[in-house]
Amino acid sequence: MTEAGTNSGAYAPGQHPDLPPPKGSAGAAGWMRGNLFSSPFNTAVTILAAILLYELITSIAGWFVLDAVIDAGSKADCRQAGSGACWAVIKIRINQFTFGFYPADERWRPILAFVLMFAALAPLLFDKTPFRRQMIWFAVAYPFIAGWLIYGGFGLVIVDTQSYGGFMLTLIIGITGIAASLPIGILLALGRQSRLFSIRIICVSLIEFLRGVPLITLLFVASTMLNYFMPPGTSFNLLVRVLIMVTIFASAYIAEVVRGGLQAIPRGQYEAADAMGFTYWKTTRLITLPQALKISIPGIVNTFIALYKDTTLVVIIGLLDPLGIGRAVLADAKWNGLSTETYLFVALFFFFSCFAMSRYSLYLEKRLHTGH
Amino acid sequence: MTGPATLQPAYSWSRIWREEKSRGVVIQIMVVLIFFATIAWLIGNVTANFAALDKTFGFKFLWQLPANYDINQVLIDYNSQYSHLRAALVGLINTFLVAVVGIVLATILGFTVGTLRLSNNWLVARLAYVYIETIRNVPVLLHILLWHGIIINTLPHPRRALNVGDATFLSNRGLYVPCPLFEDGFGWVAIAFAAALIGAILYHRRAHRIQMETGHQVHSVLIGLAIVIGVTLLAFLAAGSPIGFELPALRGFNFQGGINLLPEFVALTWALSIYTSAFIAENVRGGILAVNKGQTEAAQSLGLRPGKVLSLVVLPQALRVIIPPLTSQYLNLTKNSSLAIAIGYMDLVATLGGITLMQTGREIESMMLVMLVYLLISLLISSFMNWYNNRVRLVER
């Protein structure tokens, strides 16, 4: 190697061994030079950002962990014990934050339903799950099993829906909404693309109406006036009404995403299916919908994330989701004023679940990317 | 003998279903019938329920005096003796105020973070990424409640308010900013400003035309800016500085004077802005990435400086990709402003859909109006953005 420079004629053309890259252009130093200190301006920005980051991390770590108080009887105790966050308020109410007012003796039921949820989701989310075929039947049966476990009947004590709350309620509304809005949304999208004028116009107006109004107005309709639209004397459960509204609201957004997918399919696909003599439903089921759904998966997952986050709005019509529990806690004179801790705790829960969903969507996008 | 007769298709009802065209008609008739039957059933139920409750349907309650409730932020003349209609209008204006301020803030923040996300400085890009992911994975209602809580619970009392130059104060009563007082002669300044603005625009157009015709670059932006500022300043001085500021000052337990931005308003606008900015940032990033790298390289090889590459080549093309999703973000922000009710900011939902609804018992009418207004706002914003989108669209042969 050292001779190479002095005696260039020693190698046949193309036989010269590879030289190491110039100093400072490879490895950690090279990476830093390229990405952090490429110019004086860049260096200044890096230093500023680093200072900002340091300040942020130290103050956040101090408030969150180092100076935080975990055990205390009231806000005053907390403030005496440390200058950071007062997590005692969460610790004392953690059961309410998780289950609402679900009876303590029956809490194994939602926990079991939660664990079974992963078994039901696994074959749907990952195509390499062992025994996938059998597991999918379990996934189909899961909503009924979970409903039975949580509500009761058939040998289990019936737990009234008014006592549902906390993260459990978020998951109930979110998962029911997600599961029910997908088929309805697909039907609406197909209706919007239909050749039949009256079907198209009904679907378009339904979708545009639902997308044009805020969810909160629909929830108000559900909570205050849905009974007017039912035959006199009927009254049904507030949670069911909310589930219906959340579902149809989300299905309008799903419909738009799926429509985008349907529009992206080349005309040739429809024409080829027609040429094969396929009926409309056969074309849809075998040719267009599978392709459209594949294209629209990222959008669908984004809609699911939005729906999941929107479940928090039920607090405004008086359901006890984590925010509702949080507000109840803050109304307690002992803990009055600890809103930052309470809301940040709930925010963390949402952050982790939504972040996981968006990561999954990225994974799926990569998996389904069958192009070149 | 029987041959020709069998070729003649037998008349039968099933043919209607087998033939595509007639089947379509049958399906449509059925769907329309079901649709109207459902609506008739719903209306029938409402009538029956109303009759049972001795209620009537009508919008006269809007003019009913007095509304009998106060609103904490009024931009037009209002007190509790006015009608429900007036209260709803106050609420609507409050909704608009949050929407407009929120949209402007969210756009600025979103474009900044979106470009930072693409910075070639690794640390900056990562920081922007963390900002986007933390903000957008937390529900917007939580943002609103969190910021409202921070303002109410952790900011100091007015006596120890955060003080910016003795003119702006931030405390748990909200933000107090100086209030401009327009004296006589301010009209002249305004006229001068308008005239200078028109002049600058005309000059800019002329410069553009000259550049288009001859290729000579005429610097018009800086000169135009100088015209506007200079003329306005001259008029301002000539009229004897006809503007004064009323500064907020601490009297007793709270500030007096100046403009008070309520904690509710500040929390709502700020929360909506940062929440939406995270989504806008992702749209901006996607739009910039959608511009072919060859465009940047071509611009660089023509000798354009980095700033010019961005403003003349990349951004105009990226905007075409950015605008459609940007529209839906604006619409989302406007619709999300209805969450104001959670912290007691009196917007349209909190006035017409909240207190008026409760006081008059007109649930259906109030909610119908609220929904109609949001539908109209959605239509307005999307048609404006469509117009703008058509303007910047790629003109192809």
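For the structure itself, look to the data block above.
Let me begin by describing the structure that accompanies this report.

The rules we used
Residues numbered from 1 in each chain as written. Chains lettered and ligands numbered in written order. Predicted model: local features only at pLDDT ≥ 70, side-chain atom pairs only at ≥ 80, totals over all residues. Heavy atoms only, no water. Helix = DSSP H or I, 4+ residues; strand = E, 2+ residues; numbered from the N terminus. Rg over C-alpha atoms; globule rule 2.2 N^0.38 Å. Buried < 20%, exposed > 50% of the residue type's maximum accessible area, 1.4 Å probe, protein only. Contact = heavy atoms within 4.5 Å. Areas by Shrake-Rupley, 256 points an atom, 1.4 Å probe, with all protein chains shown as cover. Lys, Arg positive; Asp, Glu negative; His and termini not counted. Charge placed at Lys NZ, Arg CZ, Asp CG, Glu CD. Buried area = accessible area lost by both parts, 1.4 Å probe. Salt bridge = Lys/Arg side-chain N within 4 Å of Asp/Glu carboxyl O. Patch = residues over 30% accessible without salt bridge, like charges linked within 9 Å, V, L, I, M, F, W, Y side chains within 5 Å. Pairing = 2+ DSSP bridges. Axes fitted to C-alpha atoms, helices over the stretch in contact; angles between N-to-C directions. Parallel < 35°, antiparallel > 145°, perpendicular 65-115°, else oblique. Nonpolar A, V, L, I, M, F, W, Y, C, P; charged D, E, K, R; others polar.

Moving on, we get to the overall build of chain A. In terms of helices and strands, chain A carries 15 helices and zero strands. For chain A, whose C-alpha radius of gyration is 28 Å, the value lies well above the compact-globule estimate of 21 Å for 372 residues. The principal-axis extent of the C-alpha atoms belonging to chain A is close to 100 × 80 × 40 Å. Every one of the 372 residues in chain A was classed for burial, and the buried ones make up 42%. Across chain A, every contact between residues at least 6 apart in sequence was considered, and the portion connecting residues at least 24 apart equals 65%. Only carbon and sulfur atoms are counted for the fraction: they give 68% of the accessible area of chain A, which is about 19,900 Å². A gap of 8 Å separates the mean positions of the 27 positive and 19 negative side-chain charges of chain A.

A separate point is the environment of N302 of chain A. Tracing the backbone shows N302 of chain A in helix α13 (residues 280–310). In this structure, the C-alpha to C-alpha distance between N302 of chain A and S358 of chain A, residues 56 residues apart in sequence, is 7.3 Å.

On to the interface of chain B and chain A. Listed as interface residues are 53 residues of chain B and, on the opposing side, 56 residues of chain A. Overall, the association of chain B and chain A removes approximately 4,700 Å² of surface from exposure, summing both partners, and the carbon and sulfur fraction of that is 72%. On the chain B side of the interface with chain A, the three residues burying the most area are N137, L142 and M371 of chain B, jointly 13% of the side's total. Summed over the shared surface of chain B and chain A, the number is zero salt bridges.

As a further point, take a nonpolar patch on the surface. Among the surface-exposed residues, W31, M32, F37, I47 and I51 of chain A together with W122 of chain B lie close enough to one another that they form a single nonpolar patch of about 560 Å² accessible area. If you list the elements that add at least two residues to the nonpolar patch, you get α2 (27–35) and α3 (40–66) of chain A. Position of I51 of chain A relative to the elements: it lies in helix α3. Judged by relative accessible area, which is 49%, I51 of chain A ranks as partly exposed.

Tracing the backbone shows S358 of chain A in helix α15 (residues 339–368). Ignoring any residue separated from it by four or fewer positions in sequence, one finds S358 of chain A in contact with I305 of chain A together with E133 and N137 of chain B.

What follows covers the pairing of strand β3 (residues 174–177) of chain B. Residue and element names in this part refer to chain B. Pairing analysis gives three bridges linking strand β2 (residues 168–171) to β3, with the strands arranged antiparallel. The residue of β3 that forms the bridge with L170 is L175. Between β2 and β3, which pair antiparallel and follow one another directly, the connecting turn spans two residues. With three bridges joining them, β3 and strand β8 (residues 259–261) adopt antiparallel strand pairing. If you follow Y176 over to β8, its bridge partner there is N260.

Residue and element names in this part refer to chain B. Reading across from one edge, β1-β2-β3-β8 is the order of the four strands in this open sheet, with antiparallel pairing throughout. A single partner strand is all that each edge strand has here, and the edge strands are β1 (162–164) and β8. Strand-to-strand twist across the sheet, computed as the mean angle between neighbouring axes with direction ignored, equals 15°.

A few words on the packing of helix α5 (residues 88–99) of chain A against helix α8 (residues 166–192) of chain A. Residue and element names in this part refer to chain A. It is at 2 Å that the axes of α5 and α8 come closest, and there the two elements cross at 15°. Overall, the two elements α5 and α8 adopt an arrangement that is roughly parallel. From α5, Q96, F97, T98 and F99 reach across to α8, where they touch G166, F167 and M168. Of the residues in the contact of α5 with α8, the class split is four nonpolar, three polar and no charged.

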